[in-house]
Amino acid sequence: MGLLDYFRSPEPVTEASVPLAEHAALANQLEVVQESLAGLEQLAREDAGWRKLGMEQAQSFTRAGLLTIHSTCLAAYVKSPLIGRGLRIRRNYVWGRGCEVAARDADVNELLQAFLDSPDYQRTLGSAQAREERETDLGVRGEFFVLAVHDPAARTVRPRMVPAAQIVDSIANPNDSTDVWLYKRQWTATVTDLRFVGPDGRVAAPQRVTRTEWHPTLEYRPALRERVMLIGTEPVRWDQPIQHCAVNAVTDAPWGIPDTYAALDWARGYADYLSSWAGLMKSLARYAYKATAPAKHAPRVRAALQQGRGTNPVTGEATDPVGATALMSPDAAMAPMHSSGATINADSGKPLAGMAAAALDVPLTMLLADPGTTGARAVAETLDRPLQLTTGSRQQLWTDWLKALFAHVLLVAAEDQVLPGDVEQVGPARQALTLTGDADATVDVTFPPVEDMPLKDRLEALGLADDLGTVPPLILVRLALEALGVEDVDEVLDDLTDDDGDFIDPRVAASVAAVQRERNGAPGSQAAEAYR
């Protein structure tokens, strides 16, 4: 048979040409293959890992499978020291020094600061606890969802968290699967009618109600006439758009993958290794001596060996088996397994921990909290650099995500006529805000540098920037205050700006005040002293 024969269509074979025995054998093989596939599918279901979004989408994950992954990663975060410490290290690098949020326009910044100080934002994203929780969500769930609820009475936006388990489906742009338009939310609420009190004086029993709603994304804002109010029988809440933050997302699905997912198997393997090593050390420590005695003297020798050792009053066995003595006949022998040339210690399992550290993008020295032989400063700084880059990438993700949320807040404020500006339709599914006059709607989200730059060097760099004469003084003051660790920079900047938001140089203001005092002959001035 030639090579081309493999690509030719086989000649049709009639059923009569296949012997009955061979037909039965083929049927049996088919049954075995089907059972094997069923077994693999069952293993995939039992494995606490990823599931595919369908047999036809090899690069995606099912929503139900991802929720199972969320539970597994959460349990590992709580129980596994490696997973827990790895996430805490990443979280502290990202949010350990906080961030500053400010708008460039004075009026816009006033509205934005009121939103940042609101209890809803502080509970959801603004406080230190909320930021730690959201970063942990990205670690154990790979995503979180925030509802931007429009409050028309207060003319503001109230952010509200939505558990990831409540988001069950999505609708994307038919021409671009990465452009998600709507998310489907399904949850069971417990409703108690506090107004109804029965004859016995008790409040009515709570009822569980299942609800389903669709929420548009922040960016999906078609014209009012184009908005669909119902999808089937399920309402679309245009007044409650949703913002999704996802990390490690695959291309074909909008869902995120937890940061800890790739580290689970290796963290478990390292824990099993340490457990096995501890068991081996415990077994080797059980006997410290070997005593030999003839059978007729064995009881007396055994009684002598038991003196001074704690024993169980019921069984008579030693309660402290470590360092015991094995009593044997002269013709018996006891020795540990031959381990010459083998390295049996806890450090032999570090490659497993190293794989977990690689999955978490955390240096092994930090993850194990043990510098060991790799604790030289140069090595530590080399290992710390990838973590700094990973942290900078995550901070940039947070910057873009927060800017999108703040842009929506300003857009809604313009629609409610709280902020002077126009909302224009840009394309069939997008809207843009244009403020009145020369107002700037840009919002700056600033994270302090990750690397530890000496304070003196930072201030000297700001001094050189000031000498250039091209950097606005207000920006230099902000950077200087952030370098000095001032907590509320905006309050200090309010004292250094006038009603129009222009910077008031304290040195110039002091000079003007001194000249004015001299002109007015104020007490203590040279003019006042001359006329005394």
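Small disclaimer: the values here were computed from a predicted structure and weren't measured.

1. Description of the sheet that holds strand E9 (residues 242-246)
Consideration 1: Sheet architecture is open: three strands sit in the order E3-E2-E9, paired in antiparallel fashion. In this open sheet, the two strands that pair with only one neighbour each are strand E3 (156-162) and E9. Geometrically, the sheet is characterised by an average inter-axis angle of 25 degrees between neighbouring strands, direction not taken into account.
Consideration 2: Across the sheet, helix H5 (residues 119-126) lies against strand E2 (143-151) and E3, angled at about 35 degrees from E3, the strand it touches most.

2. As for the nonpolar core
Consideration 1: In this structure, Leu-82, Ile-83, Phe-145, Ile-167, Tyr-183, Trp-255 and Leu-367 are the most contacted members of the largest nonpolar core, which totals 35 residues.
Consideration 2: When contributions to this core are tallied by element, the ones reaching two or more residues are helix H2 (63-79), helix H3 (81-95), E2, strand E5 (176-191), helix H7 (264-284), helix H9 (350-360) and helix H10 (364-368).
Consideration 3: No other element matches the five residues that H2 contributes to this core.
Consideration 4: In contact with Leu-82, other than residues within four places in its own chain, are Ala-267, Tyr-270, Ala-353, Ala-356, Leu-360, Leu-367 and Leu-368.
Consideration 5: With 34 residues, the next largest nonpolar core counts Ala-148, Cys-245, Trp-401 and Leu-419 among its residues.

3. Looking at the packing of H5 against helix H6 (residues 128-140)
Consideration 1: Where H5 contacts H6, the axes come no closer than 6 Å and their chain directions differ by 40 degrees. Relative to H6, H5 is oriented oblique. Contact residues: H5 offers Gln-122, Arg-123, Thr-124, Leu-125 and Gly-126, while H6 offers Ala-128, Ala-130, Arg-131 and Arg-134.
Consideration 2: Broken down by class, the residue content of the contact of H5 with H6 amounts to three nonpolar, three polar and three charged.

4. Topic: the layout of surface pockets
Consideration 1: Taken as a whole, the second largest pocket holds about 440 Å³ of empty space.
Consideration 2: Surrounding the second largest pocket, 23 residues form its lining, Thr-178, Val-180, Tyr-183, Glu-219 and His-244 being those nearest its centre.
Consideration 3: Looking at the lining of the second largest pocket, the elements with two or more residues in it are E5, E9 and helix H11 (377-415).
Consideration 4: Residue classes in the lining of the second largest pocket are distributed as 13 nonpolar, six polar and four charged.

5. Overview of the sheet that holds strand E6 (residues 207-216)
Consideration 1: The antiparallel open sheet is built from three strands, whose spatial order is E4-E5-E6. A strand with exactly one partner marks an edge of an open sheet, and here the two such strands are strand E4 (167-173) and E6. Taken over all neighbouring pairs, the strand axes of this sheet differ in orientation by 20 degrees on average, direction set aside.
Consideration 2: The sheet contact formed by E5 and E6 spans 10 bridges and is antiparallel. Opposite Thr-188, over in E6, you have Thr-210 as the bridge partner.

6. Quick notes on H7
Consideration 1: Here H7 is 21 residues long and its end C-alpha atoms lie 30 Å apart, about the 30 Å a rise of 1.5 Å per residue gives.
Consideration 2: Listing the buried residues of H7 in full gives Leu-264, Ala-267 and Tyr-270. End-on, the buried residues of H7 take up no more than an arc of 140 degrees, which puts them together on one face. Residues Asp-265 and Ser-276 are exposed on H7 and point more than 90 degrees away from its buried face.
Consideration 3: On the buried face of H7, the contacting elements are H2, H3, H9 and H10.

7. Description of the pairing of E5
Consideration 1: The sheet contact formed by E4 and E5 spans six bridges and is antiparallel. Opposite Ile-167, over in E5, you have Arg-185 as the bridge partner.
Consideration 2: In this structure, the hairpin formed by E4 and E5 is closed by a connection of two residues.

8. Quick word on the packing of aromatic side chains
Consideration 1: Considering all chains together, one arrives at 12 aromatic pairs under this definition.
Consideration 2: On the basis of an interplanar angle of 75 degrees and a centroid distance of 5.5 Å, the ring pair of Phe-145 and Tyr-183 is categorised as edge-to-face. One end of the pair, Phe-145, is in strand E2; the other, Tyr-183, is in strand E5, with 38 residues separating them in the sequence.
Consideration 3: Given the relative accessible area of 0%, Phe-145 is considered buried.
Consideration 4: The class for Tyr-183 is buried, based on a relative accessible area of 4%.
Consideration 5: Each ring, one from Tyr-220 and one from Trp-238, has its centre 5.8 Å from the other, and the planes form 35 degrees; the classification is tilted. Of this pair, Tyr-220 sits in the loop between E6 and strand E7 (230-231) while Trp-238 sits in the loop between strand E8 (234-235) and E9, and the two are 18 residues apart along the sequence.

9. So, a negative patch on the surface
Consideration 1: A surface patch of negative charge is lined by Asp-107, Glu-110, Asp-117, Glu-487, Asp-488, Glu-491, Asp-494 and Asp-495.
Consideration 2: Those elements that provide at least two residues to the negative patch are helix H4 (106-116) and helix H14 (489-495).
Consideration 3: Per-element accounting of the negative patch gives the leading share, three residues, to H14.
Consideration 4: Tracing the backbone shows Asp-494 in helix H14.

10. A short note on unusual backbone geometry
Consideration 1: Although it is not a glycine, Asp-361 sits at a positive phi angle of roughly 60 degrees.
Consideration 2: Backbone geometry at Gln-417 places phi at a positive 65 degrees, although glycine is not the residue there.
Consideration 3: When you line up the elements, Gln-417 lands in the loop between H11 and strand E12 (421-425).

11. Quick word on the pattern of salt bridges
Consideration 1: Evaluated as defined, the whole model comprises 18 salt bridges.
Consideration 2: A salt bridge links Asp-444 to Arg-104, with the shortest nitrogen-to-oxygen separation between them at 3.1 Å. Of the two residues, Asp-444 is situated in strand E14 (residues 443-446) and Arg-104 in the loop between strand E1 (100-103) and H4; the sequence distance between them amounts to 340 residues.
Consideration 3: One salt bridge in this structure joins Glu-135 and Arg-394, with 2.7 Å as the shortest N-O distance. Residue Glu-135 is found in helix H6, and its partner Arg-394 is found in helix H11; the two are separated by 259 residues along the sequence.

12. Topic: the confidence of the model for the protein
Parts of the model with low pLDDT should not have their predicted coordinates read in detail.
Consideration 1: Mean pLDDT over the protein works out to 78, with 69% of the residues at or above the 70 mark.
Consideration 2: Considering only residues more than four positions removed or in separate chains, one finds that residues 1-18, a stretch of pLDDT under 50, has three contacts.
Consideration 3: Across residues 43-60, where pLDDT falls below 50, the model places 28 contacts with residues more than four positions away in sequence or in other chains.

Each value, and the rule that gives it
- Residues numbered from 1 in each chain as written.
- Predicted model: local features only at pLDDT ≥ 70, side-chain atom pairs only at ≥ 80, totals over all residues.
- Heavy atoms only, no water.
- Pairing = 2+ DSSP bridges.
- Helix = DSSP H or I, 4+ residues; strand = E, 2+ residues; numbered from the N terminus.
- Axes fitted to C-alpha atoms, helices over the stretch in contact; angles between N-to-C directions.
- Contact = heavy atoms within 4.5 Å.
- Core = buried A, V, L, I, M, F, W, Y, C linked by side-chain atoms within 4.5 Å.
- Buried < 20%, exposed > 50% of the residue type's maximum accessible area, 1.4 Å probe, protein only.
- Parallel < 35°, antiparallel > 145°, perpendicular 65-115°, else oblique.
- Nonpolar A, V, L, I, M, F, W, Y, C, P; charged D, E, K, R; others polar.
- 1 Å grid on protein atoms, 1.4 Å probe; cavity = no way out; pocket = protein on both sides within 12 Å on 5 of 7 lines; lining within 4 Å.
- Points joined across faces, edges and corners; volume = space filled by probe spheres on them.
- Expected span 1.5 Å × (residues − 1).
- Arc of directions from axis to C-beta.
- Phe/Tyr/Trp six-rings, centres within 6.5 Å; stacked < 30°, edge-to-face > 60°.
- Patch = residues over 30% accessible without salt bridge, like charges linked within 9 Å, V, L, I, M, F, W, Y side chains within 5 Å.
- Areas by Shrake-Rupley, 256 points an atom, 1.4 Å probe, with all protein chains shown as cover.
- Salt bridge = Lys/Arg side-chain N within 4 Å of Asp/Glu carboxyl O.
- Lys, Arg positive; Asp, Glu negative; His and termini not counted.
- Charge placed at Lys NZ, Arg CZ, Asp CG, Glu CD.
- pLDDT = per-residue confidence, 0-100.

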